[in-house]
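Report on the structure
Residues per chain are reported as follows:
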Amino acid sequence: MFRRVDETSVDTLKLRIEDREYAVPVGISVAAAVLLCGFNKVRNTPVTDSPRLPYCMMGICFDCLMTIDGIPNQQACQLEVRENMKIEVQQGAAELLQQR
Ligand code: FES
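Summarised in this report is the structure supplied together with it. (Residues numbered from 1 in each chain as written. Predicted model: local features only at pLDDT ≥ 70, side-chain atom pairs only at ≥ 80, totals over all residues. Heavy atoms only, no water.)

Turning our attention to the pattern of salt bridges. Following the criterion strictly, the structure yields five salt bridges and no others. In this structure, Arg-43 engages Asp-63 in a salt bridge whose closest nitrogen and oxygen atoms are separated by 2.9 Å. In this pair, Arg-43 sits in strand β3 (residues 43-44) while Asp-63 sits in the loop between β4 (51-52) and β5 (65-68), placing the two residues 20 residues apart along the sequence. Here Arg-43 and Asp-63 have matching classes, each one buried. Put simply, Arg-52 and Asp-63 hold a salt bridge, and the shortest N to O gap is 3.0 Å. Of this pair, Arg-52 sits in strand β4 while Asp-63 sits in the loop between β4 and β5; the two residues are 11 residues apart in sequence, bridging distant segments of the chain. The exposure class assigned to Asp-63 is buried, which follows from its relative accessible area of 11%. Among the charged side chains, a salt-bridge network with shared partners connects Lys-14, Arg-16 and Glu-21. (Salt bridge = Lys/Arg side-chain N within 4 Å of Asp/Glu carboxyl O. Helix = DSSP H or I, 4+ residues; strand = E, 2+ residues; numbered from the N terminus. Buried < 20%, exposed > 50% of the residue type's maximum accessible area, 1.4 Å probe, protein only.)

The structure is reproduced here in structure tokens:
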């Protein structure tokens, strides 16, 4: 569905999306990485369980909420990929984590 316009070689890093390892270009957002890796959803809505994908890619719509490194409700379009990041599709409304 999505592919890079610039096909020249770029530095990559490895991360995990839904327990599968992928190599993605350094410097892209988590949302771009998920789309580049061919995923067709980043979360399911809490009420109707509808699959959602990133929409605005600039932090406005909140359709890109994912669980990243065990922390739910992360805006995937606002976070840059990091080596060994663990990215999971978010199911419904995630519980808010208690601050210590
Ligand atoms: S895609 Fe809209 S806030 Fe992330």
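Across all of its chains, the model carries one aromatic pair by this definition. Relative to Phe-39, the ring of Tyr-22 lies with its centre 5.8 Å away and its plane at 70°, an arrangement referred to as edge-to-face. Of this pair, Tyr-22 sits in strand β2 (residues 20-25) while Phe-39 sits in the loop between α1 (30-36) and β3; the two residues are 17 residues apart in sequence, bridging distant segments of the chain. On the accessibility criterion, Tyr-22 (14% relative accessible area) is buried. (Phe/Tyr/Trp six-rings, centres within 6.5 Å; stacked < 30°, edge-to-face > 60°.)

With that settled, the discussion passes to the sheet that holds strand β1 (residues 12-17). An order of β2-β1-β7-β5-β6 is seen for the five strands of this open sheet, with the pairing classed as mixed. Each edge of the open sheet is held by one strand with a lone partner, namely β2 and β6 (71-75). Across this sheet, the average inter-strand angle for adjacent strands is 40°, counted without regard to direction. Pairing geometry for β5 and β6, over three bridges, is antiparallel. Note on β6: the bridge partner recorded for Ile-68 is Ile-71. (Pairing = 2+ DSSP bridges. Axes fitted to C-alpha atoms, helices over the stretch in contact; angles between N-to-C directions.)

On to the nonpolar core. Formed by 21 residues in total, the largest nonpolar core has its most connected members in Leu-15, Val-24 and Val-30. When residues of this core are traced back to their parent elements, those giving at least two are β1, β2, α1 and β5. Residue contributions to this core peak at four residues, all from α1. Leave out the neighbours within four places in its chain, and Val-24 touches Asp-11, Thr-12, Leu-13, Leu-15, Ala-33, Cys-37 and Val-81. (Core = buried A, V, L, I, M, F, W, Y, C linked by side-chain atoms within 4.5 Å. Contact = heavy atoms within 4.5 Å.)

All we've got here are geometric facts, nothing functional implied.
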